[in-house]
Amino acid sequence: MLMTWSIQQRGVRRLGIDVETVYIALGSNLGDREEHLNRAIERLKATPGVAVVACSSWLETEFVGDGPEQGRFLNGVLKANTSLPPLALLGVLRALEVEAGRRSPHPRNHPRELDLDVIFYGDQEIDSRELQVPHPRWHERAFVTSPLRELGVNLDQRPRAMGTRLAHEAAKVCEQVSDWLRGGCVVGLVPTMGSLHEGHASLMRRAKAECDRVLATVFVNPLQFGPGEDFDTYPRDLERDLGVCEAAGVDTLFAPSASGMFASEFASHVGVGAAAAEMEGAVREGHFSGVATVVARLFAMTRPHRAYFGEKDAQQLVVVRRMCADLGFPVAVVACPIVREPDGLALSSRNTRLTAEDRRAAPVLYRALCAAGDRFKDGLRDRDLLVRCAQDVLATEPRCAVDYVELRRARDLAPLAAADAVCGARMLVAARFGDVRLLDNVALNDEVAP
Ligand code: AMP
């Protein structure tokens, strides 16, 4: 049953203080649920600066989302007028949650005595670390939308959280990040070249779990492609990419044009030392300078606290780490594990360009690495023999043209002396299937701290 109360404005209008209408979602699935919800309403009614106007009836719903098995929720939405500024109101709600017995901080998605979320605060949009209003997922939750309807809210006229915002202009992204930083948010950056797959999504989800806001970028960086490489044929599908970002919880996707990224008079390039001239660097001259330059540009533009890179591109990871240390970017570089197809092929945007025969042949890369890994586990430590073991497997696949197989120190990919692969070793392979070049690598063992 809908409950309404006469509005007591406590004279706030007369004092010239702004009053906003707010909608607060209430939920409980621990202890005496109804008692927790009713008590929260009573406490809010007694809070100076808050005038409770109406409350929806209670709705019983199943718990949705990740988390331990738990009881059903009792949910509802309350309408109030308030003169409290958004963060002050939030402080009141958090205090009521704690008063009801909820632990603070509360483990995510665990059962709770009381959950109080600000859904709308007038028609304000707030995007700070503590508070996002309108609530980013209000429209996905029937236990919020149906009580809102009961309270007479016209949902079609309410702004939905934007999901992933798409930005093409650097100025827009800089402004957005500045807002986040002002709101005290920890910002995570996931740089990509698009044609996004589950590997990229895993980076985004990790960023979402560790940061308050996630910025992903899609930019096919011309600086890291040499003449005759696949810059023109590199797969591009921004609409699909936006969907992947939405599903992974990315807040903003930045997809600049080449001219938006590099001014026409752009002339500064980051040099990346001798280590980047080996392996990928030897096959693709200038590649890592192009990577380091665009990453430096993105870091300067977006000022992230954390940046997420895949171990799939192990040498790139080492180059970016070195650059951060050398140039003093205050960014924590986070390495994320390789995501593979069920047959072992590492996910890559370039896989879509493989012919059906080459796609069937390509898992040989992972098989070769695993064969060397097995020999390593059996005690083989001789670098040359381990490399030969992988090469022998690769040689069984005539469609595979090997560029290199290397066994390197995992930490910095420095060369290992023969028979020295005892501590933190990574085996890397690059090979061509037709005109598609694929990379893969595995760690043979973990580095043991000295
Ligand atoms: P790219 O779009 O190829 O430049 O990749 C963007 C980021 O995603 C890089 O940090 C890659 O290392 C990472 N990445 C690409 N493929 C995978 C994968 N299969 N698993 C994990 N990370 C990946």
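Residues numbered from 1 in each chain as written. Predicted model: local features only at pLDDT ≥ 70, side-chain atom pairs only at ≥ 80, totals over all residues. Heavy atoms only, no water.

**Q** I would appreciate a short explanation of the packing of aromatic side chains in the present structure.
**A** To describe a pair of aromatic rings, you give the distance between the ring centres and the angle between the ring planes. Throughout the structure, instances matching the rule amount to 8 aromatic pairs. Each ring, one from Phe-63 and one from Phe-73, has its centre 6.4 Å from the other, and the planes form 25°; the classification is stacked. Taken together, the positions of Phe-63 in the loop between strand 4 (59-61) and strand 5 (73-82) and Phe-73 in strand 5 put the pair 10 residues apart, joining distant regions of the chain. Assigned by exposure class, Phe-63 and Phe-73 land together as buried. (Phe/Tyr/Trp six-rings, centres within 6.5 Å; stacked < 30°, edge-to-face > 60°. Helix = DSSP H or I, 4+ residues; strand = E, 2+ residues; numbered from the N terminus. Buried < 20%, exposed > 50% of the residue type's maximum accessible area, 1.4 Å probe, protein only.)

**Q** I tried to follow the site of the ligand on my own but got confused; where do I start?
**A** Around the ligand, a shell composed of 17 residues is seen, among which Met-193, Gly-310, Asp-313, Val-339 and Leu-347 lie nearest. Here an oxygen atom of the ligand sits 2.9 Å away from a polar atom, N or O, in the side chain of His-200. Computed on the free molecule, the ligand has an accessible area of 490 Å², of which 94% lies beneath the protein chains in the complex. Of all the elements in the fold, those that place two or more residues in the shell around the ligand are strand 10 (187-192), helix 5 (198-210) and strand 13 (306-310). Counting residues per element, the shell around the ligand draws most heavily on helix 5, at 3 residues. (Near = heavy atom within 4 Å. Polar contact = N/O pair within 3.5 Å; in protein donor to acceptor, adjacent residues only side chain to side chain. Areas by Shrake-Rupley, 256 points an atom, 1.4 Å probe, with all protein chains shown as cover.)

**Q** What is the right way to look at the sheet that holds strand 16 (residues 425-433) in this model?
**A** What links the strands of a sheet is backbone hydrogen bonding, and the strands pair in either a parallel or an antiparallel sense. Spatially, 3 strands are ordered 15-16-17 in an open sheet, and the strand pairing comes out antiparallel. Of all strands in the sheet, those with a lone pairing partner are strand 15 (400-409) and strand 17 (436-443), marking the two edges. Neighbour to neighbour, the strand axes of the sheet diverge by 15° on average, direction disregarded. Here strand 15 pairs with strand 16 via 9 bridges, running antiparallel. Of the residues in strand 16, the one forming a bridge with Glu-406 is Leu-428. With respect to the sheet, helix 12 (residues 364-377) is in contact with strand 15, strand 16 and strand 17, its orientation differing from that of strand 16 by roughly 155°. (Pairing = 2+ DSSP bridges. Axes fitted to C-alpha atoms, helices over the stretch in contact; angles between N-to-C directions. Contact = heavy atoms within 4.5 Å.)

**Q** I tried to follow the pattern of salt bridges on my own but got confused; where do I start?
**A** Here the structure, examined in full by the defined rule, presents 36 salt bridges. For the salt bridge of Glu-210 with Arg-306, the shortest nitrogen-to-oxygen distance reads 2.9 Å. Note that Glu-210 is positioned in helix 5 and Arg-306 in strand 13, a separation of 96 residues in sequence. Where salt bridges share partners, they join Arg-94, Glu-97, Arg-102, Arg-112 and Asp-115 into one cluster. (Salt bridge = Lys/Arg side-chain N within 4 Å of Asp/Glu carboxyl O.)

**Q** How do you make sense of empty space enclosed by the protein when you look at a structure like this?
**A** Any space left empty among the atoms is revealed by the rolling of a water-sized probe across them. Summed over the entire model, instances satisfying the criterion amount to 2 cavities of 30 Å³ or more. Within this model, the largest cavity holds a volume of roughly 50 Å³. For the largest cavity, the lining is made up of 13 residues, of which Leu-345, Ala-346, Leu-365, Leu-439 and Asp-440 are closest to its centre. At the level of elements, helix 12 and strand 17 are the ones that each hand at least two residues to the lining of the largest cavity. When residues in the lining of the largest cavity are grouped by element, the largest group, 3 residues, is from strand 17. A breakdown of the residues in the lining of the largest cavity according to their chemical character gives 8 nonpolar, 3 polar and 2 charged. (1 Å grid on protein atoms, 1.4 Å probe; cavity = no way out; pocket = protein on both sides within 12 Å on 5 of 7 lines; lining within 4 Å. Points joined across faces, edges and corners; volume = space filled by probe spheres on them. Nonpolar A, V, L, I, M, F, W, Y, C, P; charged D, E, K, R; others polar.)

**Q** Can you walk me through the environment of Asp-382 in this structure?
**A** Counting through the fold element by element, Asp-382 comes out in the loop between helix 12 and helix 13 (383-395). Once the C-alpha coordinates of Asp-382 and Ala-417 are considered, the two residues, 35 residues apart in sequence, prove to be 8.9 Å apart. Polar side-chain contacts of Asp-382 include one of 2.9 Å to the backbone nitrogen of Asp-384. A polar side-chain atom of Asp-382 sits 3.0 Å from the main-chain amide nitrogen of Leu-385.

**Q** Any chance you could explain the domain arrangement of the protein here in plain terms?
**A** Often, the extent of an interface is quoted as the loss of accessible area on bringing the components together. Its domain assignment divides the protein into domain 1 (3-157), domain 2 (165-336) and domain 3 (349-443). Measuring from the centre of the C-alpha atoms in domain 1 to the corresponding centre in domain 2 gives 38 Å. Listed by partner, the interface residues are 5 residues for domain 1 and 11 residues for domain 2. It is Asp-127, Arg-129 and Gln-132 in domain 1 that bury the most area against domain 2; as a group they hold 86% of the surface buried on that side. For the interface between domain 1 and domain 2, the tally reads 3 salt bridges. The shortest N-O distance in the salt bridge between Asp-127 and Arg-165 comes to 3.7 Å. (Domains from an automatic or database assignment. Buried area = accessible area lost by both parts, 1.4 Å probe.)

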